[in-house]
Structure formats: structure tokens, C-alpha cells
2 protein chains.
Amino acid sequence: MSEPAGGQKGAILIADGMADRPVDSLGGLTPLEAAKTPNLDRLAAQGECGLMDPIAPGIRAGSDTSHLALLGYDPHSTYTGRGPFEAAGVGLEVKGGDICFRCNFATVDSSLIITDRRAGRINRGTEILAAAVDGMVIGDVTCFFKESVEHRGALVLRGPGLGHQVSDADPHKEGARVALAQGADEASKKTAQVVNEFVSRSYEILRRNPVNLEREAQGKPPANMILPRGAGVAPHLEPFKVRYGLSGAAVVETGLIAGIARYLEMDIPSVPGATGGYDTDEIALARAVVEALRDHDFAICNFKAADLAGHDGNAAKKIECIEKMDRLVGEVVAKLSWPTHIVITADHSTPVTFKDHTGDTVPILFWGPAVRPDGVKAFGERPCASGSLGRIRGQWLMPMLTNLMGTQEKFGA
Amino acid sequence: MSEPAGGQKGAILIADGMADRPVDSLGGLTPLEAAKTPNLDRLAAQGECGLMDPIAPGIRAGSDTSHLALLGYDPHSTYTGRGPFEAAGVGLEVKGGDICFRCNFATVDSSLIITDRRAGRINRGTEILAAAVDGMVIGDVTCFFKESVEHRGALVLRGPGLGHQVSDADPHKEGARVALAQGADEASKKTAQVVNEFVSRSYEILRRNPVNLEREAQGKPPANMILPRGAGVAPHLEPFKVRYGLSGAAVVETGLIAGIARYLEMDIPSVPGATGGYDTDEIALARAVVEALRDHDFAICNFKAADLAGHDGNAAKKIECIEKMDRLVGEVVAKLSWPTHIVITADHSTPVTFKDHTGDTVPILFWGPAVRPDGVKAFGERPCASGSLGRIRGQWLMPMLTNLMGTQEKFGA
């Protein structure tokens, strides 16, 4: 493997939802403490450890708000709801000021009464339906639409003078008529008009589309309606490269995190074998990180499975997932052949006893040539508590990492 | 004891001024470290410990500003002086925008020269005098007045367009004439006019009141004048229930803390035996906490005596008070029969060597089913320094507690 261009590299390796609480069946240990993690423990022993509040003490972080914070963007000022990041996550280009919606494909009758909010959970042909309405121009506004998984999709409106205080066209129940979106102010009234026109025109386009004619011939409910909901204005975010002067790549498994990376104009390599599930190929993820670092200064990696096991309340499965993460880390470190600082942490806790995200602190370690090893010998919630990093915040990560990398400007003389 | 309504409960148990500095006569231990505290030590061993800056590092907190912070309200933006909270503390209803004053009953001669600023330290009949002036209407402003202990009282002005930049009617010395309040701006000039009218009318009412006629017959100085001072505008504070979605009760011994609780629209059970002094019944306080948790989601308890011993500079007495607090904690834990997370801490230090509040960190512990025990074996300033909470701030308590209780909304997806 040849030496890449550039100097010091940096990576943040995140096991989604890895942190946890004591589990009775594990003798009061957490899954991370109970797991066999020789690579994580070795890096802890060579590195500097601590605990981190991903957003702030006690705050229950989402994966989206947490990743914004870990990349150095204040989620309180930049997180304007799921719409913008989900739209970016499905692959739409989203620009600051765009109005973004989550959408369902639905089935309506000729009176526009909703007979199925999910169009029979349609899972084939939605890319054809989406392409048929994508790019629609309404006055000075362009409508971008893309399908997501199953009956889901995203709508982005781009044009001057659009507001986001808009009610849903989705009435959220079957048997009701498609709602007319209403705007709360002048700008939002313009948005509402565009939404209503988009919904109306889409119906005329979709109901005649061959995908739906075929579904009707098969006795399936046609996906003849698009129901936008949850309007959110896309925030203006400084691209990662502009903020840090570093080229960045995101090796991720979920659309939501990919959306954040795309928003920050980071590269997103595709990783065959990265399923986002328990069966994901952690070695493929690790190699993608190493490859990304070959031609980027920075990489962030999100390994999803640990979070799934937390939501499932399955401690044994969570231990397996954490051991996968340990192999991922081992592979990255084994294959890197240039100076790199690595941060390993979780974006939040998903305790198996709670089955959802909590606002507990998460363990974190910094590893690389510039750190001061602190004598912590194992990577875990309790061992890391005595590390020399103390208790830090997610938004401090990038300054701390770019300091170690030696790429940060001095503040003052 | 039957199971209460609702799910997880939470409590903050505060020993006022408990934290301290090393005391020579205790071999360099603090009173808390020297005290026998089996219950606190047991909870420390089962819980998660740390140190807390009640407001911010080094800041010498009052009990009022600290309790605001511990309940999650930024004291820098919400604390507008003692007036509003003292007025609420004596039982007056205070609303955001009200102008509040601390007052003395005083004695004046017929030329309105003050002959006794405390009306002979009157301690009987002030409730009759207060009722005689309470509810006075001056233009579009209503004046609410209530007596406090001895010669003290509180005045609340409610009406449109009132300012709080008003000088005192109290000249702060005997032999001087009652001062005319002056307003620094238009709104405050209106307030000054109301204050001066209130003072003048009160004199006419009070000097003829039977309580004063009887005092004069007994050769005692009549309480024929009310002297307002220390104008403060009441802040607009979100009620506790609105902010956290939790019903809350305050088991407290002093008017100042009761005022904060009343302001936040928390319930304030009366506790027979809670004297606020060295002789207080700590078991009665503990039982009131348990009872409060029966029909509330949250309780805060302030045990006052440790602070008194600090102000008195009496280390032996402070140890006794802390041992009372230990019994209070033991009783609460013994009598609770539903899942509860408990925080134990002090609102500030009142070192016996300093005899007033200091801005040192205070020990804190979190206890309950969701915490990660950290190996700390005793509750004290030095033992808690190695706990996994690290160094936290007062305003983080409520997010941290509602996270453990499982009642907090997630931020993001």
C-alpha cells in the first residue's frame, strides 16, 4: 500500500448506540464491558480515554443531531427537523433555504379520498413513479422528488420566497380527503400553493403511469397520490471542507447519516456488504475507511448494528455487534500505513433495558502518535470514566482531533 | 403502602450549605467527611458520584440562585433580585412583570420622621395591619401586601406600564424623613407615584388601626409606616410542569425556597415539625418527601440546618446536622416502594471556617435503577471527586435526572 498524499490523517469510528447501562444478566456489566474487545482495549491502553456527552449532559440525542455535533455543528441551531436530512439521505441535493418534506405514496379514489396511506406498502416501481414527477416546475419553484424505501419518499422545493410554516397535505388517516396545505405567513402561503399544485398535478401524472396501470390490473392499490408532511427549511451549513480545510469521507450504512454527510458535501463511498443490519460486513466497512483515508484527510464511519440490538433489547446480540465493531477497529488499525489519529466512540446510548436512546455519557478514546496515554486499560463505560479526557462534549471532538492532527489554525499569536 | 399513579419518580434532596473545606479540628477532614453517614455512603456505593458547581466554577451561590439552577432555570437570566422570590415566599401570588419590594413596618412621628425603622421589632398583630392595606387600588394598579416574620413584609404592585428602576422609600436610617421614591424612566416614574401614594395612604390607615392604638396605650412604638425598598421586576418563568411535563412538589423549610417553588407553580406541602432550625424533625421531612412522591412525579427537598451550622462556624454542630440529613435520606429510601431516581447534593458550601457561602464544588450523587455505579464508596467532597459524573453544573441536573427517569423527549431521530 503506497503512502497517500497529504500529511496527518484523522478518523472518527462510531458504533451507533453502543453505550449502555448495567445489565443484570451480565452481572451488572454493560454489553461493552462484557464483550471481548481486544482491539478496543489495546487502543484504550495506548490512548487517552474519557466520557462524552454527545450533545449536552442528560440530553437524549438522535443519531442525526449527535452526528451533527460530532462533526462540530451545533445541533440546536442547525437541526431543523428530519425533512432536510432525510431528503439528503435518499440522494436529493439539498441547499440551504430549500423546503423539505417527508412523503408517502398513497392510494386515493376518484374523489381524492385516501383508501390506503401506504399504497399497499408498494416496494417496486417507485423509482419510475418518482422520476415521472421529479423536476416539476410550478411558477418559479422547482420540485425535486425521490423515492426512499417502500412507500416513502422525499420532496424538496427550491425557489425564491418560500416559507416552511406549512401544514401537511397528509391527513394522517384513511377515509379522509387529501388535505389542502395551509401557510401560516406570506412566504408559507406561497409554499402551500406549490405543495397543493404539486399534489394535484402528481395525481394526474401518477394515475396514468404504467406502473399503476399494471398494479390495478393485478388488483393492487395504485400509488396514485403523494402526501407531503413535516415541512422543514434546510439549514445553511458550512461544508466540512470549508470549515476544517480537510477533505472528508463518510463510510456509513444509513440514509439519515448519509444525508448529513451529503449536506456537508463529504464524499460517500459505496460499500458492498454494508447492510446496516446485523449481517453487515464489518471488514468491508473497515477497508472502506482505509481506502477513504488514502485520498481524504478525514473519514467518519458509522457502524449501525449495535444500535439495532439496543432497540431490540437483546444484550447477547449487542455483545456480538460490539465484537464486530472491535474487528472493524482492528482491521482499520492493521491496514493503515500512515500517521493517523483515531477517535472511537458512540453517538448515544441505546440501553438494552430501555430499548431507545438515552442521554447517558458514552465512552470515548483518542488514539494516535500525539496523545498522552493515561493508564486506562480497557474500553468501557466505567473504565473510561477515570481517563484523562474527563467529561467532554460531542462538539469538542473536531477541535480536539484537528489539534492532534496538527491541521488547526492557531487562535492568537 | 400502595403503588402511586405514574411511572418513574425523581427526587432531589438538598442539604443546604452542607459542603465545606478542611477543618483543622477534624484532622483536615470536612464536616461531611468526618460525619457518620451510613445511608449516604451506601447510596454512594450503589450510585454514581461527582462534584458539582451549583452555578458555575467559583461562583458563590445564594440558596435562591442555586435552587433556580438546580431546577433547570438559568439564574443569570431569571434572578432579578430578592424581592420577587421573597414576596412569593411569604405567600403572595407573584406574576411575571409584577414590581416587588421588601418592606419594613416602621414608626414615624407626625412629621413623617422615622423614629424606629423596625417598629420596636413588632412580632404580633402584623397580619392585621397587613390585611388593612392589602388590595389597595391606586389608579389602574393593585397593591398586594403581606407580612413576613417580625417587622418584615412584602409589597407587590400589579398593573400596566410599571417599571422597576425605583429608589427606596426607606431612607435606611432613623431621624430621617420617609423618602419620596423616584423613577428613572417613564414606567418607573409611574411605579414611584404608586409607591408614594401607597406609603401615604398606608400611614393614614395604619395610624388609626386598633393594633397600633393598643401598642401606643402600652407605650410601644406603633407600626404606622410601611417602608418599601429593593424594587425588582418579577421574571416570567415557565412553570415546572410545563417545562418538564412532570408534577412537582417542594418539601422546604424556608420562605425563600418556598417562594421559588410557588413561583414555578409547584405544590408545597406543609410539614409539621419542619422548623428550619437545628431542632427540625428530619424524619417528618423524609416522610413528607415520600408522601409527595405518592401523587407527584418529582419532589425537591431542602433541609436547612447544615447551612445554619456553617454560618455559626460550628463544626461539631454541622456534623450533627449532616447526620440528621443522613437519617432523612435513610428514611426516604426505606419508605419508597416505587422506582425512583434520587439526587443528593448541597446547594452551595457554607464552610465553618468562612461562615458564609463559598463557590467551591459540592459533592453529588445519583442513585436509582438506571445509574452506572462507579466504585465510589463514601459520600464526601474528596471521595466524590473520583466518581464517573466528573464535574457537572447545577443546571444539568434536571436533564440528567429526566434522562434517568425516562421522561425526556428525544432530540432528533
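In this report, the structure presented in the accompanying data block is examined. The written sequence of each chain sets the order in which its residues are numbered from 1. All chains are assigned letters beginning at A, and all ligands numbers beginning at 1, according to the order in which they are written. In keeping with the predicted nature of the model, local features appear solely for residues at pLDDT of at least 70, side-chain atom pairs appear and are counted solely at 80 or more, and the whole-chain, interface and lining totals rest on all residues. The basis for the side-chain values is all heavy atoms of the structure; hydrogens and waters are excluded.

1. Digging into the environment of B:Ile342
Residue and element names in this part refer to chain B.
At step 1: With respect to the secondary-structure elements, Ile-342 resides in strand β11 (residues 340-345).
At step 2: Whether a residue is buried, partly exposed or exposed follows from its accessible area with a 1.4 Å probe, protein chains only, as a fraction of its type maximum: under 20%, in between, or over 50%, in that order. Owing to a relative accessible area of 1%, Ile-342 belongs among the buried residues under this scheme.
At step 3: Taking the C-alpha atoms as reference, Ile-342 lies 54 Å from Leu-112; in sequence the two are 230 residues apart.
At step 4: Residue contacts follow a heavy-atom distance rule, with two residues in contact if any of their heavy atoms lie within 4.5 Å. With sequence-adjacent residues up to four places away left out, Ile-342 is seen in contact with Ala-11, Leu-13, Val-332, Val-333, Leu-336, Leu-365, Phe-366 and Trp-367. Strands here mean DSSP runs of E at least two residues long; helices mean DSSP runs of H or I at least four residues long; both are numbered from the N terminus.

2. Some points on the sheet that holds strand β9 (residues 248-251) of chain A
Residue and element names in this part refer to chain A.
At step 1: A sheet is described by the order of its strands in space; here seven strands give the open sequence β9-β10-β1-β11-β12-β2-β13, paired in mixed fashion. At either margin of the open sheet sits one strand with a lone partner, and together these are β9 and β13 (390-393). Neighbour-to-neighbour, the strand axes of this sheet turn through a mean angle of 25°, independent of strand direction.
At step 2: By this definition, two strands are paired if DSSP reports at least two bridges between them. Here strand β1 (residues 9-15) pairs with strand β11 (residues 340-345) via six bridges, running parallel. Bridge pairing in β11 links Gly-10 to His-341. In this analysis an axis means a line fitted to C-alpha atoms, helices contributing only their contacting stretch, and an angle means the value between N-to-C directions, from 0 to 180 degrees.

3. Some remarks on the relation of the copies chain A and chain B
At step 1: Only residues with pLDDT of at least 70 in both copies count here: their C-alpha atoms drive the least-squares fit that superposes the copies. In the superposition of chain A on chain B (RMSD 0.2 Å, axial shift 0.1 Å), the rotation amounts to 120°. Look at the turn and shift together and you get a three-fold axis relating the two. Taking the C-alpha atom as reference, chain A places A:Gly390 closest to the rotation axis, 3.9 Å from it.

4. Quick word on helix α12 (residues 305-312) of chain A
All names here are of chain A.
At step 1: Among the residues of α12, those classed as buried are Ala-305, Ala-306, Asp-307, Ala-309 and Gly-310.
At step 2: Those residues of α12 hidden inside the fold are in contact with β10 (298-303) and α13 (315-335).
At step 3: Of the residues trailing α12, Gly-313 is marked for its positive phi of about 70°.

5. What to know about the packing of aromatic side chains
At step 1: Classification of ring pairs uses Phe, Tyr and Trp, with its six-membered ring standing for Trp, and accepts pairs whose centres are within 6.5 Å; under 30 degrees between planes counts as stacked, over 60 as edge-to-face, and the remaining range as tilted. Following the criterion strictly, the structure yields 13 aromatic pairs over all chains and no others.
At step 2: Seen in terms of ring centroids, A:Tyr79 and A:Phe85 are 5.9 Å apart; in terms of plane orientation they differ by 0°. Their pairing is stacked.
At step 3: On the accessibility criterion, A:Tyr79 (13% relative accessible area) is buried.
At step 4: Each residue in the set A:Tyr79, A:Phe85, A:Tyr263 and B:Phe411 is aromatic and connected to the rest through ring pairs, giving one cluster.
At step 5: When the ring centre of A:Tyr278 is taken as origin, the NZ or CZ atom of A:Lys317, which lies over that ring, is 4.9 Å away.
At step 6: The ring of B:Phe354 has B:Arg21 sitting right over it, with the charged end atom 5.7 Å from the ring centre. Distance and angle both matter: a charge sits over a ring if NZ of Lys or CZ of Arg is within 6 Å of the ring centre and within 35 degrees of the ring normal.

6. Brief notes about the nonpolar core
At step 1: By nonpolar core we mean a set of buried residues, namely Ala, Val, Leu, Ile, Met, Phe, Trp, Tyr and Cys, connected to one another through side-chain atoms within 4.5 Å. Grouped together as the largest cluster of nonpolar side chains are 94 residues, with contacts concentrated most on A:Leu13, A:Phe240, A:Ile344 and A:Phe366.
At step 2: Once residues lying within four places of it in the same chain are set aside, the contact partners of A:Ile344 are A:Leu13, A:Leu40, A:Leu43, A:Met325, A:Val329, A:Pro363, A:Ile364, A:Leu365 and A:Phe379.
At step 3: Membership of the second largest hydrophobic core comes to 93 residues, among which are B:Met18, B:Ala44, B:Ala286 and B:Ile344.

7. With respect to the pairing of β1(A)
Residues and elements named next belong to chain A.
At step 1: Burial runs high along β1: seven of the seven residues are buried.
At step 2: Here β1 shows two buried faces, one formed by Lys-9, Ala-11, Leu-13 and Ala-15 and the other by Gly-10, Ile-12 and Ile-14.
At step 3: As defined by bridge partners, β1 adjoins β10 across six bridges and the pair is classed as parallel. Bridge assignment links Ala-15 to a residue of β10, and that residue is Phe-303.

8. Digging into the side chain of B:Gln408
At step 1: Locating B:Gln408 in the fold gives a position in the segment after α15 (397-405).
At step 2: Classification of B:Gln408 as buried rests on a relative accessible area of 13%.

9. Quick look at helix α5 (residues 82-89) of chain A
Residue and element names in this part refer to chain A.
At step 1: Counting buried positions over the eight residues of α5 gives six, a clear majority of the element.
At step 2: Among the residues of α5, Gly-83, Pro-84, Phe-85, Ala-87, Ala-88 and Gly-89 are the ones counted as buried.
At step 3: Close packing links the buried residues of α5 with α3 (63-70), α4 (75-78), β3 (99-108), β7 (152-158), β8 (225-233) and α10 (255-263).
At step 4: Positioned one or two residues after α5, Gly-91 has a phi angle of 110°, which is positive.

10. Details of the environment of B:Phe379
All names here are of chain B.
At step 1: As for its placement among the helices and strands, Phe-379 is situated in the loop between β12 (362-367) and α14 (381-384).
At step 2: Phe-379 sits 360 residues away from Ala-19 along the chain, and the two C-alpha atoms are 11 Å apart.
At step 3: Not counting residues within four places of it along the chain, the set of residues in contact with Phe-379 comprises Met-18, Leu-32, Leu-40, Asp-41, Ala-44, Ile-344, Pro-363, Ile-364, Leu-365 and Cys-384.

11. What about the sheet that holds strand β9 (residues 248-251) of chain B?
Residues and elements named next belong to chain B.
At step 1: Taken in spatial order, the seven strands make up an open sheet running β9-β10-β1-β11-β12-β2-β13, and their pairing is mixed. Edge positions in the sheet fall to β9 and β13 (390-393), since each of these pairs with one other strand and no more. Going across the sheet, the axis of each strand differs from the next one's by a mean of 25°, ignoring polarity.
At step 2: Most of the contacts of helix α2 (residues 38-46) go to β12, to which it runs at about 65°, and overall it touches β2 (48-53), β11 and β12.
At step 3: Strands β1 (9-15), β2 and β10 (298-303) of the sheet are contacted by helix α3 (residues 63-70), whose axis makes an angle of about 160° with β1.

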